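Here is how the chains run, residue by residue.
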Amino acid sequence: DWNFPSIAWGRDSSQLTPFEKGIDICLKDMNAKPPTEILLLLRNRGVDKGLEDIRLALEKRHKMIQVMNSMTQSELLHSDASMGVESVPVRVSESASLKTSFFYVSRSIESRETAIRWFDCRSGKKKCLSSFQGNCTKEKLKKLHRDQSLPSSWRAYCNYLCSSKACSCHIEGLRFGLEIFETNGRGLGLRTAKGVSIKKGDIICNYEGEIVSALEAKRRDEEHAKAGEMGSYTINLDEKGDVCIDATLMRSASAFINHSCAESNTYLFRALGHHLDETFPFLVFRAKQDIGELQELTFNYVKGMPDGQKPIGLCSECNREHCLCRQCTEIEHKKHGVMV
C-alpha cells in the first residue's frame, strides 16, 4: 500500500513533514522557487495528501504575490504562466485565454507505478548511471553513453553526479523567453517572445509532464474521449512505447507546441539525464533551423506515436488535424472557401 501517513516521511527541526515543509515554503517565501514539483512527487509517492492541498497552497501564494506587486490575477498570469517555476518567464499574450487547470512543472513527475521502477534500479534490478567526478567532458559523456548501451540516436548529458553548477550540458528548464498565444483557429500555441531569436541546433526546452505507463496513458486518453475532451498530451518517453509522458494535468510550456508534419521548426530527441533508470530519458526540443522573434514553434507529432501509428485527421502526409504545413493549411482553406 502506497498511502503512507505523513508522519512516515519523518519531520525536520521545525517538526514539519517534507510535504508540510513544501507547503510552508509556498506560503512564506515569495522569493523562492515554489516547490510544486516536490509536492507533486511526494503526493504520487504516497503522502496522504491530495492535489487539492497543493492547489490551494499555490492559489494563496499567487494571491499574496498579487498584493505585493499590486497586480491583478490576470496580470500575474500573463506576466509568467509558470508562476516562478521557470528561471525564464513564460509570457501569455493579451489575446490568449489560458485556463489554469494544470500544474506547471519544469521537470517531469514520476507516477506511483513508475516510482517502483526507480526503487528497482536502486536494488540492482536496473543498470545505474555511470558515475564521474568533476566537470563533464566529451570523453566522460562518451563513456556514459557507451556504458549504458544507449541507442546511437540518443545523446548523453551530465547527470546529478556532475559537480559543476555552470555546466553547459544541463538541459532542464527553458533556455529562451517564450510566449503562449492564441492561434488562428488552432487553440493556443507557443512562440518566441518579442526580441528573442533561436539559432539552428539550440536546445529550447524539454517536454515535461507526468511519467506513466503506456497502459495508464491509454486509459486516460479513453477517459478524455468519453468526456468529450479533445486532444492528447501524451508522448512516448522510451522508444518501445512502454512509458509515456502525460502533460494533461502536469505540464510545462512545451505542451503548447503545435503540430506540423513537413515544415516543423523543432524536433524531439532523447537524452540520458540524471535518472537512475536509463529507460527514463529527457525528451528535448532542439531547433531545426533559425527561428526569429514571435515565430511559432512546431514539431512533428507523428514521430511520437507508438509503432508508427498515425492519428486520424485530414492531412494526407500525416493524417493530423490542425497541421501547420503548407499542404494542410491549403486544404483547410479550401474546405472553408478561403482563397489561397
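Residues numbered from 1 in each chain as written. Predicted model: local features only at pLDDT ≥ 70, side-chain atom pairs only at ≥ 80, totals over all residues. Heavy atoms only, no water.

Draft legend 1. Looking closely at the overall build of the protein chain. Counting its secondary structure elements, the protein chain contains eight helices and 15 strands. Of all 340 residues assigned to the protein chain, the portion counted as buried reaches 47%. Pairs at least 24 apart in sequence give 68% of the contacts found in the protein chain among residues at least 6 apart. Of the roughly 17,900 Å² of accessible surface on the protein chain, 51% is carried by carbon and sulfur atoms. (Helix = DSSP H or I, 4+ residues; strand = E, 2+ residues; numbered from the N terminus. Buried < 20%, exposed > 50% of the residue type's maximum accessible area, 1.4 Å probe, protein only. Contact = heavy atoms within 4.5 Å. Areas by Shrake-Rupley, 256 points an atom, 1.4 Å probe, with all protein chains shown as cover.)

Draft legend 2. Main features of empty space enclosed by the protein. Considering all chains together, one arrives at one cavity of 30 Å³ or more under this definition. In terms of lining, the largest cavity is formed by Glu86, Ser106, Gly173, Leu174, Cys205, Asn206, Glu208 and Ser252. Residue composition of the lining of the largest cavity, by class: two nonpolar, four polar and two charged. (1 Å grid on protein atoms, 1.4 Å probe; cavity = no way out; pocket = protein on both sides within 12 Å on 5 of 7 lines; lining within 4 Å. Points joined across faces, edges and corners; volume = space filled by probe spheres on them. Nonpolar A, V, L, I, M, F, W, Y, C, P; charged D, E, K, R; others polar.)

Draft legend 3. Geometry of the side chain of Asp80. Secondary-structure assignment places Asp80 in the loop between α4 (73-79) and β1 (90-92). Here Asp80 sits buried without a salt bridge, and the closest side chain of opposite charge, Arg91, lies 7.1 Å off (N-O distance). At 2.8 Å, the side chain of Asp80 forms a polar contact with the side chain of Ser82. (Lys, Arg positive; Asp, Glu negative; His and termini not counted. Salt bridge = Lys/Arg side-chain N within 4 Å of Asp/Glu carboxyl O. Polar contact = N/O pair within 3.5 Å; in protein donor to acceptor, adjacent residues only side chain to side chain.)

Draft legend 4. Seen up close, the pattern of salt bridges. Overall, the coordinates contain nine salt bridges when judged by the stated rule. Here Glu37 and Lys33 are joined by a salt bridge, their closest N and O atoms 3.4 Å apart. The buried category is assigned to Glu37, whose relative accessible area is 8%. Relative accessible area serves as the criterion here: at 39%, Lys33 is assigned to the partly exposed category.

Draft legend 5. Up close: the packing of helix α1 (residues 18-28) against helix α3 (residues 51-69). Where α1 contacts α3, the axes come no closer than 8 Å and their chain directions differ by 20°. Accordingly, the angle class assigned to the pair α1 and α3 is roughly parallel. Relative to α3, α1 is oriented so that their crossing is right-handed. Contacts from Phe19, Ile23, Ile25, Cys26 and Leu27 in α1 reach Asp53, Ile54, Ala57, Leu58, Lys60, Arg61 and Met64 in α3. For the contact of α1 with α3, the per-class residue count stands at nine nonpolar, no polar and three charged. (Axes fitted to C-alpha atoms, helices over the stretch in contact; angles between N-to-C directions. Parallel < 35°, antiparallel > 145°, perpendicular 65-115°, else oblique. Left-handed = near helix turned anticlockwise from the far one by under 90°.)

Draft legend 6. Structural context of the sheet that holds strand β5 (residues 178-182). Read from one edge to the other, the open sheet built from three strands follows the order β1-β5-β6, with strand pairing classed as mixed. The open sheet terminates on both sides in strands that have one partner only, identified here as β1 and β6 (188-192). When strand polarity is set aside, the average angle formed by the axes of neighbouring strands in this sheet is 30°. Pairing of β5 with β6 involves five bridges; the strand directions are antiparallel. (Pairing = 2+ DSSP bridges.)

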